[in-house]
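Listed here are the chains, written in short residue letters.
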Amino acid sequence: MEGFPVSVKKVSFDIKGNKTSVVISTYDDCFLVIATQIGGMGTILHARKGRGPMLMASARQLIEHISSSGSSKLLVLSLGLKEHSVETVRGIVSAVIENRVW
């Protein structure tokens, strides 16, 4: 929709035989990243730079990247994964950075 305030990017790819879909949206106050291999939302994290320990390495990596780009927006991250390996997390982080909306 032209003029709608939310920018959205969608990408799908394969990680270790699992179809992985990522939707990245930007709002006035935050970024929403949904990454799923199960077709659902999964675990939802709310991240901000400098706010205590992050629950997952992917949230930490993404919020650091967002912050280093000059944005102070929050990150809401939803991970619905079948496979919780380092390779999966790296693939998701790479896809989000390559398709970023910040």
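Residues numbered from 1 in each chain as written. Predicted model: local features only at pLDDT ≥ 70, side-chain atom pairs only at ≥ 80, totals over all residues. Heavy atoms only, no water.

**Side note on the pattern of salt bridges**
- The final tally for this structure, using the stated rule, is 1 salt bridge.
- Of the charged contacts in the structure, one is a salt bridge between K16 and E83, with a shortest N-O distance of 3.7 Å. You can see K16 sitting in the loop between β1 (7–15) and β2 (18–26) and its partner E83 sitting in the loop between β5 (74–80) and α2 (86–98), a full 67 residues away along the chain.
- According to the relative accessible area criterion, K16 is partly exposed, its value standing at 48%.
- According to the relative accessible area criterion, E83 is partly exposed, its value standing at 21%. (Salt bridge = Lys/Arg side-chain N within 4 Å of Asp/Glu carboxyl O. Helix = DSSP H or I, 4+ residues; strand = E, 2+ residues; numbered from the N terminus. Buried < 20%, exposed > 50% of the residue type's maximum accessible area, 1.4 Å probe, protein only.)

**Focus on the nonpolar core**
- Judged by nonpolar contacts, the single largest core of 19 residues is most densely connected at V33, L75, L77, I92 and V96.
- Residue assignment for this core shows that the elements contributing at least two residues are β2, β3 (30–36), α1 (57–68), β5 and α2.
- Ignoring any residue separated from it by four or fewer positions in sequence, one finds I92 in contact with F13, I15, T20, A35, L79 and L81.
- Within the second largest apolar cluster, 5 residues are counted, among which are C30, L32, I34 and L74. (Core = buried A, V, L, I, M, F, W, Y, C linked by side-chain atoms within 4.5 Å. Contact = heavy atoms within 4.5 Å.)

**Some words on α2**
- For α2, built from 13 residues, the straight-helix expectation of 18 Å at 1.5 Å per residue is met to within 8% by its first-to-last C-alpha distance of 18 Å.
- Among the residues of α2, T88, V89, I92, V93, A95 and V96 are the ones counted as buried. Down the axis, α2 shows its buried residues gathered within 165° of arc, on one side only. α2 presents V86, R90 and E98 as exposed residues on the side facing more than 90 degrees away from its buried surface.
- Contacts made by the buried residues of α2 are with β1, β2, β3, α1 and β5. (Expected span 1.5 Å × (residues − 1). Arc of directions from axis to C-beta.)

**Quick word on the confidence of the model for the protein**
- When pLDDT is averaged along the protein, the result is 85, and 86% of the positions lie at 70 or above.
- Considering each helix and strand of the protein separately, the mean pLDDT is smallest for strand β4 (residues 43–47), with a value of 81, and largest for β2, with 96. (pLDDT = per-residue confidence, 0-100.)

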